[in-house]
Each structure stands twice: as C-alpha cells, then as structure tokens.
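Listed here are the chains, written in short residue letters.
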Amino acid sequence: MPTISLCMIVKNEEKHIARCLDSVAELVDEIIIVDTGSTDRTVEIASNYTAKVYSHPWTDDFSEARNYSFSKASMDYCMWMDADDILQQTDRDNFLQLKQSLPPKTDIVMMKYHTAFDEGGMPSFSYFRERWIRNCSKYRWVGAVHEVIPPNGSILYSDIAICHKKMNAGNPDRNLNIYRKMLAEGKFLDPRQQYYYGRELYYHNQYEEAVSVFEQFLRSPEGWIENKIEACSICADCYSHLGQEDSALTTLLRSMSFDLPRAELCCEIGKYFLEHGNFHNAVYWYETALKLPKNEYSGGFIVPDCYDYIPLLQLCVCYDKMGDRQKAKKYNERAGVCKPYSKAYLYNKHYFDSLKVS
C-alpha cells in the first residue's frame with residue numbers, strides 16, 4: 001500500500017486548521033505543515049498533529065511555498081490541502097479503499113474539488129484537481145498564483161471529493177496585488193496566468209482592463225481550450241457591465257469556435273436572450289443545455305446546475321412569459337425534482353397553485 005505525505009502551506013488559519021486535519025490525519029502517513037508567517041495560534045494547533053512544522057518566508061509565490069512543503073515529504077505520494085478544505089466523512093472510506101487499491105504505476109490522482117454549495121449544501125461549482133502526486137522531482141508546482149502541477153504520466157481520476165469550506169473571507173486583493181507586482185517587475189504572464197489575471201480584474205470590477213486581458217488571451221494561439229471557453233463567459237459579462245451588449249453576445253457565441261457547446265455557456269446565452277425579452281431564442285438555448293452531456297473529466301470548471309436545474313427553472317420563466325403556464329408549471333416541477341428544497345422552485349410552486357394551473 002502506498003504511503004502519503006499531507007503537505008500544507010498555512011498562514012493565520014487558527015479557525016480552520018484543526019477541522020481540516022481532523023478530517024484527514026488518520027488517513028495519511030505523514031503531515032507536513034509549512035507556516036508562512038502566522039501571528040495567531042496556527043503553529044501551536046498544527047503542532048498537536050505533527051512535529052514536522054516548518055517556517056518559510058512568504059515571497060508572494062504560492063508555488064515556491066508548496067514546492068518547499070513537498071521537499072520535506074518522505075512518503076510515496078504528496079497530497080496537498082488548504083487549511084479551509086475538508087474531507088467529508090462520506091469520502092473517508094473511499095479514500096482508504098483507493099489507497100489500498102491504487103495501481104503502482106499511478107503518478108497523479110485527480111480528485112474532485114467542490115468550492116461552492118447551494119442552499120441545500122450540494123456542490124454548485126466543482127472541478128478536478130491533482131491531489132495525490134508522486135513524490136519525485138518530476139512534479140513541481142508552477143505559477144505564483146493559481147498554482148498548478150502540469151499533469152503528465154499515468155493519471156487516475158477518482159470521485160473522492162475535497163470540499164472547500166471557508167469560514168471567513170481572506171484578503172480579496174491578494175491575488176490581484178501579486179499579479180500587479182509581477183507585471184511591475186517586468187515578469188511575463190503565460191497564457192494560463194493571463195486568464196487568471198483577467199479573472200482577478202473581473203472580480204475587482206475593473207471591466208475595461210479585464211476585457212483587454214481576455215481579448216489578448218483569446219487571440220493567442222496558445223492556452224487551454226477550457227480556459228478559452230470560460231474566458232468567453234467572463235469577458236461577455238464584462239462587456240455587459242460596460243453596456244456593450246452586442247459584444248457580450250458575440251463573445252458568448254465565440255466560445256463555440258473553440259469546441260462544442262458547453263451547457264454553462266448555453267445557459268449564459270439563454271440568459272442574454274431572456275433578459276432582452278427574446279423568449280423564443282432563450283428557450284432554444286436552455287433546451288440545448290438540457291441535451292448536452294456533462295464532461296466532468298475535461299478538467300474545466302463545472303456548474304452542475306447548468307445541466308438540469310437552471311435551464312429547467314429558466315424554461316419555466318420563459319414559458320410563463322409567453323403565456324403557456326401549463327408548460328411553465330411542468331418545467332418548474334422538473335426543476336423541483338432536482339432541488340425540492342429550492343426557494344425559487346417553492347416560490348414558483350406557490351405561484352402556480354395560487355393560479356390553479358393544472
């Protein structure tokens with residue numbers, strides 16, 4: 001059975017770190033904690049779980065810190081988690097089973113990463129991340145922000161999920177400031193970093209600059225297809241905030257020049273037409289979203305609701321606007337099958353019941 005070193009970089013995580021370690025400590029063979037400058041009880045709490053707690057200066061480079069944590073590992077595989085991540089109880093048995101049955105030639109194990117949740121606690125945003133990485137010099141983190149280990153070798157996909165459960169907001173300006181610093185120092189942003197820099201600008205409502213960065217990224221022959229498609233969605237929203245509606249729609253449709261339609265983009269296009277009162281066109285795109293397969297193994301960001309719940313709920317709205325309340329009610333009922341606890345579904349149900357729609 002392979003052995004696993006849990007490698008974490010932390011700073012001021014006294015509210016999260018015990019919860020994280022409690023969820024996984026008994027499943028791994030070694031715990032490495034690298035503290036990058038805590039001023040709270042993080043180091044004290046971490047020391048209750050492992051003697052291998054190290055200090056490392058923070059240099060605005062996540063990859064450097066993560067690679068340092070990997071350098072301290074002595075087991076067969078390195079596993080990373082952030083302090084506000086947890087392994088749910090339901091996944092712990094599967095974790096052990098995978099550890100016992102892992103093919104010996106496996107280099108990287110990809111696990112689901114749930115980073116947002118709906119009102120019922122179900123994942124609403126998810127994607128695969130490299131989670132167990134063979135402990136050798138071949139695999140190292142790259143990227144000062146939104147760091148990644150480029151996948152290669154023998155890769156195994158697992159349905160085991162790590163859940164990101166932040167209890168308090170971090171510094172919202174940190175990532176953007178790191179990018180600004182890199183650019184001020186004359187450093188080059190590769191296509192992946194361009195994409196994430198555009199996202200940070202978007203999160204900070206700097207829409208014009210975000211559009212400029214995204215357009216440069218989209219014109220480049222380099223860059224990952226999934227990032228290109230997601231960039232079209234975010235760039236389109238930037239155009240909408242700037243009042244450039246035609247450019248917003250053109251950019252959404254541009255996503256299909258990179259690959260076949262994704263349900264996420266179809267829902268965005270449907271939303272565009274719905275908001276502009278073109279309900280027939282909106283229906284087309286929402287119905288298209290319902291027909292598309294969900295490819296969780298593409299590596300891109302997945303919004304599960306875009307494959308059933310969202311288009312069903314929006315089709316309810318569209319048909320109600322078009323005066324076909326019977327069909328609208330049926331779509332709402334289908335949305336309710338997906339999420340019986342949804343406030344939107346329950347509101348619509350009350351609405352149709354009050355109108356006595358059969």
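Here we summarise the structure given alongside this text.

About the thresholds
Residues numbered from 1 in each chain as written. Predicted model: local features only at pLDDT ≥ 70, side-chain atom pairs only at ≥ 80, totals over all residues. Heavy atoms only, no water. Helix = DSSP H or I, 4+ residues; strand = E, 2+ residues; numbered from the N terminus. Buried < 20%, exposed > 50% of the residue type's maximum accessible area, 1.4 Å probe, protein only. Lys, Arg positive; Asp, Glu negative; His and termini not counted. Salt bridge = Lys/Arg side-chain N within 4 Å of Asp/Glu carboxyl O. Polar contact = N/O pair within 3.5 Å; in protein donor to acceptor, adjacent residues only side chain to side chain. Contact = heavy atoms within 4.5 Å. 1 Å grid on protein atoms, 1.4 Å probe; cavity = no way out; pocket = protein on both sides within 12 Å on 5 of 7 lines; lining within 4 Å. Points joined across faces, edges and corners; volume = space filled by probe spheres on them. Nonpolar A, V, L, I, M, F, W, Y, C, P; charged D, E, K, R; others polar. Phe/Tyr/Trp six-rings, centres within 6.5 Å; stacked < 30°, edge-to-face > 60°. Lys NZ or Arg CZ within 6 Å of the ring centre and 35° of its normal.

1. Comments concerning the side chain of glutamate 200
Tracing the chain through its elements places glutamate 200 in helix H6 (residues 191-203). Within the buried core, glutamate 200 has no salt-bridge partner, and the shortest N-O distance to an opposite charge, that of arginine 199, equals 6.3 Å. Within polar-contact distance, the side chain of glutamate 200 engages the side chain of asparagine 175 at 3.3 Å. When neighbours within four sequence positions are excluded, glutamate 200 is seen to be in contact with His146, Asn175, Leu176 and Tyr179.

2. A short note on empty space enclosed by the protein
In total, this model carries one cavity of 30 Å³ or more according to the counting rule given. Considering only enclosed or pocket space, the largest cavity measures out at about 110 Å³ in volume. Lining the largest cavity are Glu226, Ile229, Glu230, Arg262, Glu264, Leu265, Ser298, Gly300, Phe301, Ile302 and Tyr307. Looking at the lining of the largest cavity, the elements that each hand over two or more residues are helix H8 (225-241) and helix H10 (263-275). Broken down by element, the residue count for the lining of the largest cavity peaks at three residues, all from H8. In the lining of the largest cavity, the residues fall into five nonpolar, two polar and four charged.

3. Here we look at the side chain of serine 233
Among the secondary structure elements, serine 233 is positioned in helix H8. The residues contacting serine 233, other than those within four sequence positions of it, are Leu252, Leu265 and Glu268.

4. Focus on the packing of aromatic side chains
Note on aromatic pairs: each is described by the distance of the centres and the angle between the planes. What the rule picks out here adds up to 21 aromatic pairs. For the ring pair tyrosine 179 and tyrosine 197, a centre distance of 5.5 Å and an interplane angle of 50 degrees mean the geometry is tilted. Taken together, the residues tyrosine 179 in helix H5 (residues 174-184) and tyrosine 197 in helix H6 connect sequence positions 18 residues apart. Both residues of the pair, tyrosine 179 and tyrosine 197, count as buried. Aromatic ring contacts, followed pair by pair, group Phe70, Trp80, Tyr113, Phe125, Tyr127, Trp141 and Phe301 into a single cluster. When the ring centre of tyrosine 113 is taken as reference, the NZ or CZ atom of arginine 131 above it lies at 4.7 Å. The side chain of lysine 165 reaches across the aromatic face of phenylalanine 117, ending 3.8 Å from its centre.

5. Focus: the layout of surface pockets
Over the atoms a probe the size of a water molecule is rolled, and this reveals where empty space is left. If you add up the space inside the second largest pocket, you get close to 500 Å³. Lining the second largest pocket are 22 residues, with Tyr202, Ser233, Ile234, Asp237 and Glu268 positioned closest to its centre. Considering only residue class, the lining of the second largest pocket consists of 11 nonpolar, three polar and eight charged.

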